[in-house]
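Summary of structural features
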Amino acid sequence: MPTAIRPFFQRAAWTLALGLTVAASAQAQDKYPSKPIRVVVPFPAGTAPDVMARYWGDRISKQLQQPVVIDNRAGASTIVGTQAVTTAPADGYTLLYTASGTLTINPFVYKKLPYQPQDLVPVTRMLSIPLVVSVPVQSPYKTLADLIKDAKARPGEVSYASYGVGTVPHMSMAYFANSAGLALNHVPYRDGGLTDVLGGRVSTAFSPIADVLPYIKAGKVRPLAVSSTHRLESLPQVPTVAEAFPGFEGDSWHGVFAVKGTPQPIVDLLASLSRRIAESDEYRRYLGEFGLIPVGGSPADFTQLVGTESKRWVKVVKDNNISLE
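Reference entry: report on the structure contained in this document. Computed from a prediction, not measured in an experiment: that's the story for all the values here.

Brief notes about the nonpolar core
One finds Val39, Trp56 and Tyr97 to be the most contacted residues of the largest nonpolar core, which totals 49 residues. With sequence-adjacent residues up to four places away left out, Val39 is seen in contact with Trp56, Val68, Val69, Ile70, Asp71, Leu95 and Tyr97.

Overview of the sheet that holds strand E9 (residues 221–226)
As a general point, the strands of a sheet are linked pairwise by backbone hydrogen bonds and lie either parallel or antiparallel. As summarised here, the arrangement of the five strands in space is E7-E6-E8-E5-E9, forming an open sheet in which the pairing is mixed. Only two strands of the sheet have a single partner each, and these edge strands are strand E7 (185–188) and E9. Along the sheet, successive strands turn relative to each other by an average axial angle of 30°, direction set aside. In terms of strand pairing, strand E6 (residues 159–162) meets strand E8 (residues 204–208) through two bridges, oriented parallel. For Ala161, the partnering residue across the bridge sits in E8 and is Ala205. Those strands touched by helix H6 (residues 144–153) are strand E5 (131–136), E8 and E9, and its axis lies near 90° from that of E9. On top of the sheet, helix H7 (residues 168–180) reaches E5, E6, E7 and E8; it is set at about 130° to E8, its chief contact.

A closer look at H6
Along H6, the residues classified as buried are Leu144, Leu147, Ile148 and Ala151. One side of H6 carries all its buried residues, which in axial view fall inside an arc of 95°. Seen from the buried face of H6, the exposed residues on the opposite side, beyond 90 degrees, are Ala145, Lys149 and Ala153. Its buried side turned inward, H6 meets E5, H7, E8 and E9.

Topic: the layout of surface pockets
In this model, the largest pocket occupies a volume close to 1100 Å³. Considering the residues around the largest pocket, the lining is formed by 39 residues, among which Phe43, Pro49, Ala99, Tyr163 and Thr167 are closest to the centre. Where the lining of the largest pocket is concerned, the elements lending two or more residues are helix H2 (48–64), strand E3 (94–99), helix H4 (101–104), helix H5 (106–109), H7, helix H9 (209–217) and strand E10 (252–259). When residues of the lining of the largest pocket are assigned to their parent elements, the largest contribution, four residues, is made by H2. For the lining of the largest pocket, the per-class residue count stands at 24 nonpolar, 13 polar and two charged. Volume-wise, the second largest pocket comes out at about 400 Å³. Lining the second largest pocket we find 23 residues, and of these Leu232, Glu233, Gly291, Leu292 and Ile293 sit closest to its centre. Mapped by element, the contributors of at least two residues to the lining of the second largest pocket are strand E4 (120–129), E10, helix H11 (281–288), strand E11 (293–296) and helix H12 (299–320).

Cut-offs and rules
Residues numbered from 1 in each chain as written. Predicted model: local features only at pLDDT ≥ 70, side-chain atom pairs only at ≥ 80, totals over all residues. Heavy atoms only, no water. Core = buried A, V, L, I, M, F, W, Y, C linked by side-chain atoms within 4.5 Å. Buried < 20%, exposed > 50% of the residue type's maximum accessible area, 1.4 Å probe, protein only. Contact = heavy atoms within 4.5 Å. Pairing = 2+ DSSP bridges. Helix = DSSP H or I, 4+ residues; strand = E, 2+ residues; numbered from the N terminus. Axes fitted to C-alpha atoms, helices over the stretch in contact; angles between N-to-C directions. Arc of directions from axis to C-beta. 1 Å grid on protein atoms, 1.4 Å probe; cavity = no way out; pocket = protein on both sides within 12 Å on 5 of 7 lines; lining within 4 Å. Points joined across faces, edges and corners; volume = space filled by probe spheres on them. Nonpolar A, V, L, I, M, F, W, Y, C, P; charged D, E, K, R; others polar.

Below, the structure written as structure tokens:
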């Protein structure tokens with residue numbers, strides 16, 4: 001090779017080698033996930049969202065071949081944990097597994113909130129949680145109509161328990177009372193108050209099915225109606241509230257969220273893997289033990305649901321003057 005042109009080929013070779021190195025480095029950086037994923041659960045360890053998040057995380061970890069670490073950040077009606085996620089980098093390595101109130105109720109109940117729904121990107125709704133209007137077996141109420149009739153005859157005297165102001169059981173019962181034209185007495189409990197319902201100290205509750213199903217099976221609680229739009233496989237003889245008040249729906253749910261700005265391919269990957277879990281027979285059997293319903297669906301489906309439910313709950317908040325500091 002002539003001496004004059006040798007430096008040109010040497011420079012070209014170095015440039016090509018450098019380009020290949022940069023491309024390989026960029027490809028390695030783009031590969032997701034290349035490190036453990038943190039999933040913030042804004043509930044205490046051992047609660048239903050924590051248990052379900054760990055189930056999800058275990059299956060996602062196996063599919064992605066990376067550890068999924070559950071980080072319990074309980075406090076202030078899921079606000080503490082949710083804020084921790086919204087301030088994290090939008091790289092898919094910090095996710096939120098939470099219940100419906102975080103996105104569809106808190107923004108309308110709390111006067112000051114350190115996050116907004118648009119700070120998060122819906123990935124997949126993993127499961128639906130029907131609620132059950134229940135009374136103790138010794139209650140004179142045999143049907144939902146009996147409860148309504150008595151509540152209308154004694155405004156403000158028929159009491160109901162919930163997990164507290166602004167929780168889904170509270171909001172669903174307020175929604176039901178508005179639909180039926182009732183004035184009920186709300187008695188909030190840290191633990192949902194089911195013990196006092198069983199003891200007859202509180203008239204009724206709109207409880208999550210996982211809480212109340214064991215007592216129904218044991219014959220200690222009488223279910224009057226469910227919050228879902230259709231009757232449940234686990235309680236096929238129990239009517240829906242919607243059968244008396246068309247359009248009523250008051251289920252809660254669990255879902256996975258990413259930080260706003262997370263690359264769409266990462267969101268789509270997590271959604272696809274989550275749907276695979278939700279559609280599995282194993283997951284359906286597991287949820288069936290608690291009366292829960294697997295969902296799945298796309299990010300677009302989930303986004304639409306969050307918007308629809310937000311409109312429902314903001315009306316309930318306004319109609320009942322519900323607010324928290």
